[in-house]
Amino acid sequence: MLEIKNLHVKLEEDEKVILKGVNLTVGPGEVHAIMGPNGSGKSTTSYVLAGRDGYEVTAGEALLEGQDLLTMDPEERAAAGLFLAFQYPVEIPGVGNMTFLRTAVNAQRKARGEEELSAGDFLKVVREKAKTLKIDAEMLKRPVNVGFSGGEKKRNEILQMAMLEPKMCILDETDSGLDVDAMKLVSDGVNALRDGKRSFLVITHYQRLLDHIKPDVVHIMAKGRIIQTGGPELALEVEKNGYADLLAEVE
Ligand code: ADP
Ligand code: MG
Ligand code: MG
């Protein structure tokens, strides 16, 4: 589903090298987690995959179902089935949440050669999915994320994901800032989308999210590289011992 090979990335602004040879392969239906200290390049990896400006890929490649992601525009990547739930969801004043969702869903359907959803069908689907995420109707009418709490913003990211039904979902610290109940809601929302084909890359600081969203593979990223890969037990080990031992081994 997703193949990242030897990815090297620097900041356009000041030439700072952030990613120093990231390798990662996520198979169809698999859930991979990335953990790692702050500043190790986890968000940068997700931004570069999604096509955010400001980064220069100096070597390597990223493929979605064999298609070269890095030469595509962000909207082409989305149409191809990539979705990124932001660590810091942005507020979009003046754009209603419902309008935003319907425009995104229909643009994607169009790009895939599918018919647009009628207003009625769209409403039905969005209301049903919002309900399971405990997002009330009033939040759907407000401008995107404006005045939402941290937890509401994160749930709204999952609503977008549920509406777009991507093939490859990347969640960047979607658990940070969530209380226990909200984390359960978000995890249930993610788990409901697991269907044996759709793949997930879950970036998290905390092992506890992985109690709810059970990963097949856990990677540890540090200093712009994946320094260790293992099963769910690796997350427990890190939770208990921290990153210091792993980092020392690499040095
Ligand atoms: P993580 O998500 O693992 O905490 P990031 O990918 O956010 O790490 O950041 C990796 C490093 O790159 C950090 O040192 C961060 O300060 C730097 N960095 C990333 N993007 C930018 C940017 N746009 N401007 C300045 N520094 C950046
Ligand atoms: Mg961070
Ligand atoms: Mg980050």
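Preceding block: the structure.
All of these numbers come straight from a predicted model, not from anything done at the bench.

Overview of the overall build of the protein
- A count of helices and strands for the protein gives 10 helices and 12 strands.
- The C-alpha atoms of the protein give 18 Å as radius of gyration, which agrees with the globular expectation for 251 residues (18 Å, within 12%).
- Summarising its shape, the C-alpha atoms of the protein cover approximately 60 × 40 × 35 Å along the three principal directions.
- Of all intrachain contacts in the protein linking residues separated by at least 6 positions in sequence, the fraction that spans at least 24 positions is 70%.

Quick word on the nonpolar core
- With 58 residues, the main nonpolar core has Phe 83, Ile 158, Met 168, Ile 170 and Val 202 as its most contacted residues.
- Once you skip the residues sitting within four places of it in the chain, Val 202 turns out to touch Val 31, Ala 33, Leu 171, Leu 209, Ile 213 and Pro 215.

Some remarks on the environment of Ala 107
- With respect to the helices and strands, the residue Ala 107 is situated in helix α3 (residues 97-111).
- Here the alpha-carbon distance between Ala 107 and Glu 75, two residues 32 residues apart in the chain, equals 9.0 Å.

Comments concerning the environment of Val 125
- You can see Val 125 is positioned in helix α4 (residues 119-132).
- As for Val 125 and Met 163, which are separated by 38 residues in sequence, their C-alpha atoms are 7.9 Å apart.

Concerning the packing of helix α6 (residues 150-164) against helix α7 (residues 180-193)
- One can describe the packing of α6 onto α7 by two numbers: an axis separation of 10 Å at closest approach and a directional angle of 10°. Taken together, the axis directions place α6 and α7 in an arrangement best described as roughly parallel. Here α6 contributes Gly 151, Lys 154, Arg 155, Ile 158, Met 161 and Ala 162 to the contact with α7, which in turn contributes Ala 182, Leu 185, Val 186, Gly 189, Val 190 and Leu 193.
- When its residues are assigned to classes, the contact of α6 with α7 shows 8 nonpolar, 2 polar and 2 charged.

A word on the environment of Val 144
- Inspection of the secondary structure assignment puts Val 144 in strand β8 (residues 143-144).
- A C-alpha to C-alpha distance of 19 Å links Val 144 and Pro 74, two positions 70 residues apart in sequence.
- The contact partners of Val 144, leaving out residues within four places of it in the chain, are Glu 91, Ile 92, Val 95, Asn 97 and Phe 100.

A short note on the packing of α3 against α6
- Put simply, α3 and α6 touch, their axes get as near as 10 Å, and they point 30° apart. Put simply, α3 runs roughly parallel to α6. Judged by the sense of rotation from one axis to the other, the crossing of α3 with α6 is right-handed. Residue-level contacts link Leu 101, Ala 104, Val 105 and Gln 108 of α3 to Gln 160, Met 163 and Leu 164 of α6.

With respect to the pairing of strand β12 (residues 225-230)
- The pairing of strand β11 (residues 217-222) with β12 spans 5 bridges and is classified as antiparallel. Each residue of the ladder has a partner; that of Ala 222, found in β12, is Arg 225.
- Hairpin connection from β11 to β12: 2 residues lie between these consecutive antiparallel strands, with Lys 223 at a positive phi of about 50°.

Criteria and cut-off values
Residues numbered from 1 in each chain as written. Chains lettered and ligands numbered in written order. Predicted model: local features only at pLDDT ≥ 70, side-chain atom pairs only at ≥ 80, totals over all residues. Helix = DSSP H or I, 4+ residues; strand = E, 2+ residues; numbered from the N terminus. Rg over C-alpha atoms; globule rule 2.2 N^0.38 Å. Contact = placed C-beta atoms within 7 Å. Core = buried A, V, L, I, M, F, W, Y, C linked by C-beta atoms within 7 Å. Buried ≥ 20, exposed ≤ 12 C-beta atoms within 10 Å, placed from the backbone. Axes fitted to C-alpha atoms, helices over the stretch in contact; angles between N-to-C directions. Parallel < 35°, antiparallel > 145°, perpendicular 65-115°, else oblique. Nonpolar A, V, L, I, M, F, W, Y, C, P; charged D, E, K, R; others polar. Left-handed = near helix turned anticlockwise from the far one by under 90°. Pairing = 2+ DSSP bridges.

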